[in-house]
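# Commentary on secondary and tertiary structure
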Amino acid sequence: QVQLVESGGGLVQPGGSLRLSCAASGSIFSIGAMRWYRQAPGKQRELVALTNGGSTHYADSVKGRFTISEDIAKKTVYLQMTSLKPEDTAVYYCNIDSIDSYGGTWINSWGPGTQVTVSS
């Protein structure tokens, strides 16, 4: 089993910054792609950012404002969010691909989510 725990969410004013962290634990031999998704009430869950082997991808809505980074040794992925807007308000979810320590198979895992609220 793989467990993902997000942290760093909270209430921030428009224009402010916030850094989300996602720490993975469990039967992990190796980590592949790591992603951040978000879902606002009544809206579809969307991919916000992805990092895989040093390559990154961002949703157009967050380009230039958000930065995804990883610390493989710590099995942690981060999302640095700056110039936050009210429309960034959502539950943010961590999602990773990893190789199981025992079976050697790829596993995709989700965190429980962390709330980010951008409001004055």
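Rules behind the numbers
- Residues numbered from 1 in each chain as written.
- Predicted model: local features only at pLDDT ≥ 70, side-chain atom pairs only at ≥ 80, totals over all residues.
- Heavy atoms only, no water.
- Pairing = 2+ DSSP bridges.
- Helix = DSSP H or I, 4+ residues; strand = E, 2+ residues; numbered from the N terminus.
- Disulfide = S-S within 2.5 Å.
- Buried < 20%, exposed > 50% of the residue type's maximum accessible area, 1.4 Å probe, protein only.
- Lys, Arg positive; Asp, Glu negative; His and termini not counted.
- Salt bridge = Lys/Arg side-chain N within 4 Å of Asp/Glu carboxyl O.
- Polar contact = N/O pair within 3.5 Å; in protein donor to acceptor, adjacent residues only side chain to side chain.
- Contact = heavy atoms within 4.5 Å.

## Considering the pairing of strand β5 (residues 46–52)
- Both strand β4 (residues 28–39) and β5 contribute to a ladder of 5 bridges, which runs antiparallel. Bridge assignment links Tyr37 to a residue of β5, and that residue is Leu47.
- Linkage of β4 to β5, two consecutive antiparallel strands, is achieved through a turn of 6 residues, within which Gly42 is found at a positive phi near 75°.
- By the bridge criterion, 4 bridges tie β5 to strand β6 (residues 55–58) in an arrangement that is antiparallel. The residue bridging Leu50 from the neighbouring strand is His57, located in β6.
- Joining the antiparallel neighbours β5 and β6 is a turn of 2 residues, in which Gly53 adopts a positive phi near 60°.

## Considering the state of the cysteines
- Across all of its chains, the model carries 1 disulfide by this definition.
- In this model Cys22 forms its disulfide with Cys94; the gap between the sulfur atoms is 2.1 Å. Since a negative S-S torsion denotes a left-handed disulfide, the Cys22-Cys94 link at about -85° is left-handed. Note that Cys22 is positioned in strand β3 (residues 18–26) and Cys94 in strand β9 (residues 90–100), a separation of 72 residues in sequence.
- Classification of Cys94 as buried rests on a relative accessible area of 0%.

## Considering the side chain of Asp100
- Examined against the element boundaries, Asp100 turns out to sit in strand β9.
- It is Lys75 that comes nearest to the buried, bridge-free Asp100 among opposite-charge side chains, at 12 Å.
- A distance of 2.5 Å separates a polar side-chain atom of Asp100 from the backbone nitrogen of Gly103.
- Beyond its immediate sequence surroundings of up to four residues, Asp100 is in contact with Ser27, Phe29, Thr105 and Ile107.

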